[in-house]
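Architecture and fold: a report
Each chain is listed here by its residues.
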Amino acid sequence: MNIPEEAPPRRLRGLPSRLANQAALTANRIVDRALAQAGVRRYHYALLATLEEYGPASQAGLVRRTGIDRSDMVAIVNDLAERDCLKRAPDPEDRRRNIITITPAGRARLVELDRLIAAAQEEFLAPLPPADREHLIDLLTRLVEPHEDRRQGIGSIR
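An unreviewed UniProt entry annotates the protein chain as DNA-binding transcriptional regulator, MarR family of Nonomuraea wenchangensis.

Glancing now at the pairing of strand β3 (residues 94–102). On a regular strand, one side chain projects to one face of the sheet and the next to the other, so that they alternate. Across 2 bridges, strand β1 (residues 57–58) lies against β3 in antiparallel orientation. The partner of alanine 57 across the bridge, within β3, is isoleucine 100. Linking strand β2 (residues 86–91) back to β3 in an antiparallel pair, the connection comprises 2 residues.

A few words now on helix α6 (residues 104–125). Across its 22 residues, α6 extends 31 Å between first and last C-alpha, which sits within 8% of the 32 Å expected from 1.5 Å per residue. All of the buried residues along α6 are Gly106, Arg109, Leu110, Leu113, Leu116, Ile117, Ala120 and Leu125. Looking straight down α6, one finds that the buried residues subtend no more than 155 degrees of arc, so they occupy a single side. Of the exposed residues in α6, the ones pointing more than 90 degrees away from its buried face are Pro104 and Arg115.

Here we come to the side chain of arginine 133. Mapping arginine 133 onto the fold places it in helix α7 (residues 130–144). At a separation of 2.9 Å, a polar atom in the side chain of arginine 133 contacts the side chain of glutamate 122. Apart from residues no more than four positions distant in its own chain, arginine 133 is found in contact with Glu122, Leu125, Ala126 and Leu128.

Each value, and the rule that gives it
- Residues numbered from 1 in each chain as written.
- Predicted model: local features only at pLDDT ≥ 70, side-chain atom pairs only at ≥ 80, totals over all residues.
- Heavy atoms only, no water.
- Pairing = 2+ DSSP bridges.
- Helix = DSSP H or I, 4+ residues; strand = E, 2+ residues; numbered from the N terminus.
- Expected span 1.5 Å × (residues − 1).
- Buried < 20%, exposed > 50% of the residue type's maximum accessible area, 1.4 Å probe, protein only.
- Arc of directions from axis to C-beta.
- Polar contact = N/O pair within 3.5 Å; in protein donor to acceptor, adjacent residues only side chain to side chain.
- Contact = heavy atoms within 4.5 Å.

Below you can see the structure in the form of structure tokens.
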């Protein structure tokens, strides 16, 4: 039997959870490399996309919607505020809380990041024909959706 030394055992090669994880690791590397061209990370993209789609929100609300850890959220908000991609203002209903809003510069940045993300998705899915891509997305969605309530602390763009 001539099995490459680096090949995992057969028992592992067929595990759906392991295969999904291996695919996610590959996708993450591709997306990270694409976003690095713009000097950002997945969390930056997730936060801008969330604000653009859902509108202004508190940091706590953004933590819940994106799954980004609270301690990371502060750093991401600070970074994007320094880049003029979002603004922070006291909540008129609760001055202890800030409301985060995407700026016009943030919207423009998001368009640029969308192009990078689209190219990364294309690279990741390149081995599959279009029909298989659609089928894969359908299957992954059907696997992920029933577990959404249990995804505490899991980031958005994987």
